[in-house]
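# Inside the fold
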Amino acid sequence: QVQLVESGGGLVQPGGSLRLSCAASGSIFSFYAMDWFRQAPGKAREWVATITSGDSTNYADSVKGRFTISRDSAKNTLYLQMNSLKPEDTAVYSCNVRYYTGATTWGQGTQVTVSS
């Protein structure tokens, strides 16, 4: 069973940066894509970014140009570099792994708070 653990969240001022990590334990089979999602207070879960097994990337319009998704296969880790952070970026950020079977694995999430 693949376990995902997010880290790197915290409190940051508007305009600041954070780098989130999502470390996977165990082997990832039939990997199709990995995603970052976020859920802000009082709002539904929102898709943020995706990276495929072929390293194609896609971003939500709200984060395009500010966030960068990447992965390190050797370290079995997914990253989200977050720059020019805004208060509206405040949310719990979770990583997700998708498989060709259609199954998914979620992490528990890490809190990002953007505030002065």
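Report on the accompanying structure. On a predicted model such as this, the values are computed, not experimentally measured, just so you know.

To continue, consider unusual backbone geometry. Its identity is not glycine, yet D55 carries a phi of approximately 70°, on the positive side. Relative to the elements of secondary structure, D55 occurs in the loop between β5 (46–52) and β6 (57–59). Accessibility expressed as a relative area gives 45% for D55, which makes it partly exposed.

A separate point is the packing of aromatic side chains. The geometry of an aromatic ring pair is captured by two quantities: the separation of the ring centres and the angle between the planes. Summed over the entire model, instances satisfying the criterion amount to 2 aromatic pairs. Between R19 and the ring centre of Y79, over which it is positioned, the NZ or CZ distance is 4.1 Å. Stacked on the ring of W106, the Lys or Arg R45 has its end atom at 4.5 Å from the ring centre.

Here we take up the pattern of salt bridges. Scanning the entire structure with this criterion turns up 6 salt bridges. A salt bridge links D35 to R98, with the shortest nitrogen-to-oxygen separation between them at 2.7 Å. Of this pair, D35 sits in strand β4 (residues 31–39) while R98 is found in strand β9 (residues 91–99), placing the two residues 63 residues apart along the sequence. For R98, a relative accessible area of 25% translates into the label partly exposed. The salt bridge partner of D61 is K64, with a shortest N-O separation of 3.1 Å. Residues joined in a network through salt bridges with shared partners are R38, E46, R66 and D89.

Looking at where T110 falls in the secondary structure, it is placed in strand β11 (residues 110–114). By relative accessible area, which is 10% here, T110 ends up buried. One polar contact links the side chain of T110 to the main-chain amide nitrogen of G9, over a distance of 3.2 Å. Those residues in contact with T110 that sit more than four places away from it in its chain are E6, S7, G8, G9, L20, A91, V92 and Y93.

Taking burial as the measure, the 9 residues of β9 include 7 buried ones, the bulk of the element. Across 8 bridges, β4 lies against β9 in antiparallel orientation. What sits directly across from D35, in β9, is N96. Sheet topology places β9 next to strand β10 (residues 104–106); 3 bridges connect them, and they run antiparallel. Of the residues in β10, the one forming a bridge with N96 is W106. Two successive antiparallel strands, β9 and β10, enclose a turn made up of 4 residues, where G102 displays a positive phi of approximately 100°.

Definitions and cut-offs
- Residues numbered from 1 in each chain as written.
- Predicted model: local features only at pLDDT ≥ 70, side-chain atom pairs only at ≥ 80, totals over all residues.
- Heavy atoms only, no water.
- Helix = DSSP H or I, 4+ residues; strand = E, 2+ residues; numbered from the N terminus.
- Buried < 20%, exposed > 50% of the residue type's maximum accessible area, 1.4 Å probe, protein only.
- Phe/Tyr/Trp six-rings, centres within 6.5 Å; stacked < 30°, edge-to-face > 60°.
- Lys NZ or Arg CZ within 6 Å of the ring centre and 35° of its normal.
- Salt bridge = Lys/Arg side-chain N within 4 Å of Asp/Glu carboxyl O.
- Polar contact = N/O pair within 3.5 Å; in protein donor to acceptor, adjacent residues only side chain to side chain.
- Contact = heavy atoms within 4.5 Å.
- Pairing = 2+ DSSP bridges.

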